[in-house]
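Next come the chains, spelled out residue by residue.
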Amino acid sequence: MFCFPKAGKTGTLFLQELKQHNIPVKKIQKNHKLMEEGEKNDRLIVLTEGYAKISRMDNNGHIRLLALAHDQVLGVAGFFNKGVYPSTVTTLTDCLIYEVSYDLAMHMIEKSKDIQQYLYRLMDQFVTFYISNAVMQSFDSVDVQLARILYDMAVEMGKVQENGYIRLPIAMTDEFLGNLLGSSRETVTRLLGKWRDEGIVIKKNRFLTIIKLKEIEKIINQ
């Protein structure tokens, strides 16, 4: 699992409540930090359009890219006990967001049991996400990890073309993918070159297109 889990299109009821409180939608430009690891967690961010990357510093002081987020409520982990953000969130594209203060979020939770359960469910999903991601990165080979990333992106974010191919919506360099894997650019280039020769993927102007999703799935399950 590489894309952050969704919980009902960012929660229709949650968005309705934000609009009733006249919370303005904000347009955020590409490469903007929405949250920074270690900062006080005093607000939620509802990402309704666009894509963001989730990163975290490892024990060696290196920045590790963990996942991509799209159509998601961010900042739930650590929010209810006023902790700190466990990771940094940076926009990869122009985005539309709502910012929800701690006081407003708590007011909404007290008012609606459905919203309370929704946010708690998201928190549980994020904890599961971090744990499962760490386990998979520990035991899977690099080719399986890369295949899993491409498969998750294709299923969660991909745009199906008329020919049935699935185009991934974000421009990614081999170095970017290598960073996600904790591997090298050369390894990613070699694997993508092999899969290109086998007719599984194509890459043009940094955009990857999945030609044979079932072959990607076979690599994951090998």
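Everything below is about the structure printed above this text.
We now turn to the structure provided with this report. Everything quoted here is computed from the prediction, not taken from an experiment. (Residues numbered from 1 in each chain as written. Predicted model: local features only at pLDDT ≥ 70, side-chain atom pairs only at ≥ 80, totals over all residues. Heavy atoms only, no water.)

**As for the overall build of the protein chain**
Phase 1: Looking only at helices and strands, the protein chain has seven helices and 12 strands in total.
Phase 2: Here the protein chain holds 222 residues, and the buried ones make up 47% of them.
Phase 3: Considering only contacts within the protein chain whose residues lie at least 6 apart along the sequence, 76% involve residues at least 24 apart.
Phase 4: Entry remark: accessible area of the protein chain is about 11600 Å², with carbon and sulfur atoms responsible for 48%. (Helix = DSSP H or I, 4+ residues; strand = E, 2+ residues; numbered from the N terminus. Buried < 20%, exposed > 50% of the residue type's maximum accessible area, 1.4 Å probe, protein only. Contact = heavy atoms within 4.5 Å. Areas by Shrake-Rupley, 256 points an atom, 1.4 Å probe, with all protein chains shown as cover.)

**Topic: the sheet that holds strand S11 (residues 201-204)**
Phase 1: Reading across the sheet, the four strands line up as S9-S10-S12-S11 and stay open at both edges, with antiparallel pairing between neighbours. Edge positions in the sheet fall to strand S9 (159-160) and S11, since each has one partner strand and no second.
Phase 2: Both S9 and strand S10 (residues 166-167) contribute to a ladder of two bridges, which runs antiparallel. For Lys 159, the partnering residue across the bridge sits in S10 and is Arg 167. (Pairing = 2+ DSSP bridges.)

**Notes on the sheet that holds strand S3 (residues 43-49)**
Backbone hydrogen bonds hold the strands of a sheet together, and the pairing may be parallel or antiparallel.
Phase 1: Spatially, four strands are ordered S1-S8-S3-S6 in an open sheet, and the strand pairing comes out antiparallel. Each edge of the open sheet is held by one strand with a lone partner, namely strand S1 (26-28) and strand S6 (72-74). Averaged over all pairs of adjacent strands, the angle between their axes in this sheet comes to 35°, without regard to strand direction.
Phase 2: Pairing analysis gives six bridges linking S3 to strand S8 (residues 95-101), with the strands arranged antiparallel. (Axes fitted to C-alpha atoms, helices over the stretch in contact; angles between N-to-C directions.)

**Considering the pairing of S3**
Phase 1: Burial within S3 is extensive, with five of its seven residues counted as buried.
Phase 2: Summarising the sheet, S3 and S6 pair through three bridges and their orientation is antiparallel. The partner of Val 46 across the bridge, within S6, is Val 73.

**Brief notes about helix H2 (residues 102-111)**
Phase 1: Taken together, the buried positions of H2 are occupied by Tyr 102, Leu 104, Ala 105, Met 108 and Ile 109. Summarising the axial view, the buried residues of H2 lie within an arc of 165°, below the 170-degree limit, and thus occupy one face. Away from its buried face, by an angle of more than 90 degrees, H2 presents the exposed residues Asp 103, Glu 110 and Lys 111. (Arc of directions from axis to C-beta.)

**Structural notes on the pairing of strand S12 (residues 207-210)**
Phase 1: Alignment of S10 against S12, held across two bridges, turns out to be antiparallel. Across the sheet, residue Ile 166 finds its bridge partner in S12, namely Ile 210.
Phase 2: Relative to S12, S11 runs antiparallel, the two sharing four bridges. Along S12, the bridge assignment pairs Lys 203 with Leu 208.

**Re the nonpolar core**
Phase 1: Formed by 30 residues in total, the largest nonpolar core has its most connected members in Leu 146, Leu 177, Leu 192 and Trp 195.
Phase 2: A total of six residues in this core trace back to one element, the largest contributor, which is helix H4 (residues 142-156). (Core = buried A, V, L, I, M, F, W, Y, C linked by side-chain atoms within 4.5 Å.)

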